[in-house]
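This is what each chain is made of:
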Amino acid sequence: MIIANAKDFDLQQTFECGQCFRWNKLCDDKYIGVVGDFLMGAYYRDGSIIIECENEQLAKEYFDIEKDYSEMKKRLQCDEVMAKAISAGYGIRLLKQQPWETLVSFIISANNNIPRIKKIIELLCQTFGNEIMKDGVKYHTFPSAEALANVDGDALSAIRCGYRDKYIIDAAKKVATGEVCLDDIYSLPADEGREILKKIKGVGDKVADCILLFAYQKYDVFPKDVWIKKVLHKLYFVAEKDIDLFVRQKFGKLCGLAQQYLFYYGRQTL
DNA sequence: CGCCAGGCGGGGG
DNA sequence: CCCCCGCCTGGC
């Protein structure tokens, strides 16, 4: 798949803005990731972005290829700060990730750091996922809820995720039994989706909002982590308790995308 | 050694 | 309801 018009798409920004954990850069400027049951590659050639995947439909959906970012940027561009943030992260695209993988990944992300989050997720896939062979290299899919619901007690200790192991098991059981139906959330308003997700142990407001934004394209949620709180305080002089009202009034239905630009900008400059 | 990292759950006020 | 503390683990 070739994306000729790549002006609103930068691979490094998209893969390293914090929304995903399973894309890795190879030495030759190529990114490799696993999405669903498929391996994907992404790289530049002659000013275009090339996405390699045996399942082109999956790749189109995952990269949300039809989405018009220039139009959304125009709508967000309401002041000096956001103008700078958008220009810093001009090539960020919000990926359409799989709900189950996103759920578990952000449970693991709580009170944790990015290198360790990636390590734990990789171990989880190696230990419980299916193998994909490509050019003599082994890759692994993200394990299903059913697969994880059936692992016994301390088998998860192998992935070194600490106290989060019981949250992952709780999530797997509730999703596998249907007590929590992740597919329902696509068509629900963000507030209702958040309440469903929070039935799972280890999922609070912040984790739920990341799942709503990164898996369900609920652009009207604004995940509030420690970094974005610092950024808003520093750049907009907004106190923590006023964040929700502030971003709703300022950025409206696209506040989730605004969060990504501000987050990326803040991590570069603050 | 102590502290912290992209929160959360549980207990007490 | 709000506030506060402890938490697996690995890196500094």
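Cut-offs and rules
Residues numbered from 1 in each chain as written. Chains lettered and ligands numbered in written order. Predicted model: local features only at pLDDT ≥ 70, side-chain atom pairs only at ≥ 80, totals over all residues. Heavy atoms only, no water. Helix = DSSP H or I, 4+ residues; strand = E, 2+ residues; numbered from the N terminus. Rg over C-alpha atoms; globule rule 2.2 N^0.38 Å. Buried < 20%, exposed > 50% of the residue type's maximum accessible area, 1.4 Å probe, protein only. Contact = heavy atoms within 4.5 Å. Areas by Shrake-Rupley, 256 points an atom, 1.4 Å probe, with all protein chains shown as cover. Lys, Arg positive; Asp, Glu negative; His and termini not counted. Charge placed at Lys NZ, Arg CZ, Asp CG, Glu CD. Arc of directions from axis to C-beta. Pairing = 2+ DSSP bridges. Near = heavy atom within 4 Å. Polar contact = N/O pair within 3.5 Å; in protein donor to acceptor, adjacent residues only side chain to side chain. Nonpolar A, V, L, I, M, F, W, Y, C, P; charged D, E, K, R; others polar. Axes fitted to C-alpha atoms, helices over the stretch in contact; angles between N-to-C directions. Parallel < 35°, antiparallel > 145°, perpendicular 65-115°, else oblique. Left-handed = near helix turned anticlockwise from the far one by under 90°. Domains from an automatic or database assignment. Buried area = accessible area lost by both parts, 1.4 Å probe. Salt bridge = Lys/Arg side-chain N within 4 Å of Asp/Glu carboxyl O.

A.B. asks: Please clarify how the overall build of chain A should be interpreted in this entry.
C.D. replies: Regarding its fold elements, chain A presents 13 helices and 7 strands. Here the C-alpha atoms of chain A give a radius of gyration of 18 Å, agreeing with the 18 Å that 2.2 N^0.38 yields for 270 residues. Taken along the three principal axes of its C-alpha coordinates, chain A extends 55 × 45 × 35 Å. For chain A, buried positions account for 51% of its 270 residues. Looking at chain A alone, contacts between residues at least 24 apart form 65% of all its contacts between residues at least 6 apart. Total accessible area computed for chain A in this model is approximately 13100 Å², and 49% of it derives from carbon and sulfur atoms. Charged side chains of chain A number 38 positive and 39 negative; the gap between the two group centres comes to 5 Å.

A.B. asks: Is there a simple way to explain the environment of Ser 105 in this structure?
C.D. replies: Along the polypeptide, Ser 105 turns up in helix α5 (residues 99–109). Linking Ser 105 and Phe 21, residues 84 residues apart in sequence, is a C-alpha distance of 7.8 Å. Setting aside residues no more than four positions away along its own chain, Ser 105 makes contact with Phe 21, Ile 117, Ile 121 and Phe 142.

A.B. asks: What should I look at first to understand helix α9 (residues 190–197) in this one?
C.D. replies: Think of an α-helix as turning once every 3.6 residues; residues three or four places apart then point the same way. Of the positions making up α9, those classed as buried are Ala 190, Gly 193, Arg 194, Ile 196 and Leu 197. Looking down the long axis of α9, one finds its buried residues gathered within 160° of arc, a one-sided arrangement. Considering only its buried residues, α9 is in contact with α10 (205–214).

A.B. asks: Looking at this structure, how should I read the pairing of strand β7 (residues 137–140)?
C.D. replies: Two faces, one strand: in a regular strand the side chains alternate between the faces of the sheet. Bridge analysis of strand β6 (residues 131–134) against β7 gives 4 bridges, and the strand direction is antiparallel. Its bridge partner being in β7, Glu 131 is matched across the sheet by His 140.

A.B. asks: Hey, could you run me through the protein's contact with DNA strand C in this one?
C.D. replies: Near DNA strand C, the surroundings consist of Asn 111, Arg 116, Lys 119, Arg 160, Cys 161, Gly 162, Tyr 163 and Arg 164. Within 4 Å of the protein, the atoms of DNA strand C are drawn from sugar and phosphate moieties in a proportion of 61%. Here Arg 164 contributes a side-chain N or O atom positioned 2.9 Å from a base oxygen of DNA strand C. In terms of residue class, the surface near DNA strand C is made up of 2 nonpolar, 2 polar and 4 charged.

A.B. asks: What am I meant to see in the protein's contact with DNA strand B here?
C.D. replies: With respect to spatial proximity, 21 residues lie near DNA strand B, and among them Gly 18, Ile 114, Gly 202, Gly 204 and Val 207 are the closest. Here DNA strand B approaches the protein such that, of its atoms within 4 Å, sugar and phosphate make up 58%. The separation between a base nitrogen of DNA strand B and a polar side-chain atom of Tyr 163 is 3.0 Å. One nitrogen or oxygen atom from the main chain of Val 207 is found 3.0 Å from a phosphate oxygen belonging to DNA strand B.

A.B. asks: Explanation requested: the packing of helix α11 (residues 226–236) against helix α12 (residues 243–251) in the structure shown.
C.D. replies: The N-to-C vectors of α11 and α12 enclose an angle of 65°; their axes lie 12 Å apart at closest approach. The angle between α11 and α12 places the two elements in the roughly perpendicular class. Every pair of crossing elements has a handedness; the one defined by α11 and α12 is left-handed. Each of Lys 229, Leu 232 and Tyr 236 in α11 lies in contact with α12, whose residues at this interface are Ile 243, Phe 246, Val 247, Lys 250 and Phe 251. Class assignment of the residues belonging to the contact of α11 with α12 gives a composition of 6 nonpolar, no polar and 2 charged.

A.B. asks: Sorry, what's going on with the domain arrangement of chain A here?
C.D. replies: Frequently, the measure chosen for interface size is the accessible area removed from exposure when the parts meet. The assigned domain composition of chain A is domain 1 (2–67), domain 2 (68–87 + 218–270) and domain 3 (99–214). In this complex, domain 1 contributes 9 residues to the contact, which on the side of domain 2 involves 9 residues. Across the interface of domain 1 and domain 2, roughly 760 Å² is buried in total on both sides, 49% from carbon and sulfur atoms. One can count 1 salt bridge joining domain 1 with domain 2. Residue Asp 8 is joined to Lys 73 by a salt bridge in which the shortest nitrogen-to-oxygen separation is 2.7 Å. Where domain 1 touches domain 2, the interface holds 5 residue pairs in polar contact (both at pLDDT 80 or more).

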